[in-house]
Amino acid sequence: MDGAAMERFEAAAGLASRGLSYAVVSIFGPQGSGKSTLLNRLFGTSFTEMDALKGRNQTTKGMWVAKAVVIEPFTVVMDLEGTDGRERGETPVEYLAQALTEDIQKIWDSVHKPEVFKEASLSDFFNVDVTALSSYEEKEELFKEQVGELRHRFINSIAPSGLAADRRGVIPASAFCISAMQIWKVIQENKDLNLPAHKVMVATVRCEEIADERLRCFMSDEGWLELEAAAKSGPVTGFGTKLSAIVDFYLSE
């Protein structure tokens, strides 16, 4: 993940214009466990997949971002590099559900929380739901069928009854890339993420970007250019009124 690539993604996908009408899906887990394969089948993305014939070598490094092509609303899909994980093999889903829930609870308990959320429970912010899929390598057709059923859960995900129905704290889509880049930087530096400060940073950077964009538009406005040229020749009748009208137009956009 790098700034230039994120900017290209934002522009190509039309993310900035989505306001709050978007969702984000990310995946993490053991290296070589089929994360990229699952995302590609679920969302029609084209993340690089592991070649089983070449062994379970690391395929995804860092973080990769794409737009889901078969899902509405606009869904940002994030593919993360693999981690060391639990042993692989045939494990009953009941055991996995318990183990995953316990691991997530341990992570939640270890996270530094603001004073106002010090006593908050995991369920106040997250819903933990475990779904099992068949092996893609051993039961490909059944895997595809189950993925098709799972895909329906991501459609209309921001509706009142959807997976992402809770929209508290959602940042505008135009600030998503900035936010993601800063969070990734904190992860790489192994620092604690200060969410209140992070939100202030995102808002500040985005406001500066908007101000710069509005200024560029103003400076190239035909009305302003004509007014500026006329002012160089002498006093212009109604200069203040005309200038105010142009400035107000760009400030109100």
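Residues numbered from 1 in each chain as written. Predicted model: local features only at pLDDT ≥ 70, side-chain atom pairs only at ≥ 80, totals over all residues. Heavy atoms only, no water.

## Focus on the overall build of the protein chain
And then number 1: Looking only at helices and strands, the protein chain has eight helices and three strands in total.
And then number 2: Helices and strands in the protein chain line up, N terminus first, as α-β-α-β-β-α-α-α-α-α-α.
And then number 3: Per-residue burial for the protein chain yields a buried fraction of 27% across its 253 residues.
And then number 4: Considering only intrachain contacts with a sequence separation of at least 6, the fraction spanning at least 24 residues in the protein chain is 59%.
And then number 5: About 16,700 Å² of surface is accessible on the protein chain, with carbon and sulfur atoms providing 56% of the total. (Helix = DSSP H or I, 4+ residues; strand = E, 2+ residues; numbered from the N terminus. Buried < 20%, exposed > 50% of the residue type's maximum accessible area, 1.4 Å probe, protein only. Contact = heavy atoms within 4.5 Å. Areas by Shrake-Rupley, 256 points an atom, 1.4 Å probe, with all protein chains shown as cover.)

## Side note on the packing of aromatic side chains
And then number 1: The tally for this structure, following the rule as stated, stands at eight aromatic pairs.
And then number 2: The ring centre of Trp108 lies 4.8 Å from the NZ or CZ of Lys113, which sits over that ring. (Phe/Tyr/Trp six-rings, centres within 6.5 Å; stacked < 30°, edge-to-face > 60°. Lys NZ or Arg CZ within 6 Å of the ring centre and 35° of its normal.)

## A few points about the side chain of Thr45
And then number 1: You can see Thr45 is positioned in the loop between helix 2 (35–43) and strand 2 (63–67).
And then number 2: The exposure class assigned to Thr45 is buried, which follows from its relative accessible area of 11%.
And then number 3: Reaching out from Thr45, the side chain makes a polar contact with the side chain of Asn40 at a distance of 2.8 Å.
And then number 4: What Thr45 contacts, discounting residues up to four positions off in sequence, is Leu39, Asn40, Ala66, Lys67 and Val77. (Polar contact = N/O pair within 3.5 Å; in protein donor to acceptor, adjacent residues only side chain to side chain.)

## A word on unusual backbone geometry
And then number 1: With omega at 10°, the peptide bond leading from Glu72 into Pro73 counts as cis.
And then number 2: Positive phi values are uncommon outside glycine, yet Asn156 reaches one of about 55°.
And then number 3: Positionally, Asn156 belongs in the loop between helix 4 (140–151) and helix 5 (176–188).

## Structural notes on the packing of helix 1 (residues 3–13) against helix 5
And then number 1: The N-to-C vectors of helix 1 and helix 5 enclose an angle of 155°; their axes lie 10 Å apart at closest approach. With respect to helix 5, the axis of helix 1 lies roughly antiparallel. At the point where helix 1 passes helix 5, the crossing takes the right-handed sense. In this structure, helix 1 contributes Gly3, Met6, Phe9 and Glu10 to the contact, and helix 5 contributes Phe176, Cys177, Ala180 and Met181.
And then number 2: The residue makeup of the contact of helix 1 with helix 5, split by class, is six nonpolar, one polar and one charged. (Axes fitted to C-alpha atoms, helices over the stretch in contact; angles between N-to-C directions. Parallel < 35°, antiparallel > 145°, perpendicular 65-115°, else oblique. Left-handed = near helix turned anticlockwise from the far one by under 90°. Nonpolar A, V, L, I, M, F, W, Y, C, P; charged D, E, K, R; others polar.)

## Digging into the confidence of the model for the protein chain
And then number 1: Considering every residue of the protein chain, the mean pLDDT works out to 83; 85% of them sit at 70 or more.
And then number 2: Ranking the helices and strands of the protein chain by mean pLDDT puts helix 4 first, with 94, and helix 6 (residues 195–219) last, with 74. (pLDDT = per-residue confidence, 0-100.)

## Re the pattern of salt bridges
And then number 1: Counted according to the given criterion, the structure contains five salt bridges.
And then number 2: Among the ionic pairs, Asp129 bridges to Arg153, the shortest N-O distance being 2.9 Å. In this pair, Asp129 is assigned in the loop between helix 3 (93–110) and helix 4 and Arg153 in the loop between helix 4 and helix 5, connecting sequence segments 24 residues apart.
And then number 3: Of the residues examined, Arg153 reaches a relative accessible area of 36% and is grouped as partly exposed.
And then number 4: In this structure, Glu140 and Lys144 form a salt bridge, with 3.0 Å as the shortest nitrogen-oxygen distance. With a gap of four residues between them, Glu140 and Lys144 both fall in helix 4, about one helical turn apart.
And then number 5: Using a relative accessible area of 32% as the deciding quantity, one classes Glu140 as partly exposed. (Salt bridge = Lys/Arg side-chain N within 4 Å of Asp/Glu carboxyl O.)

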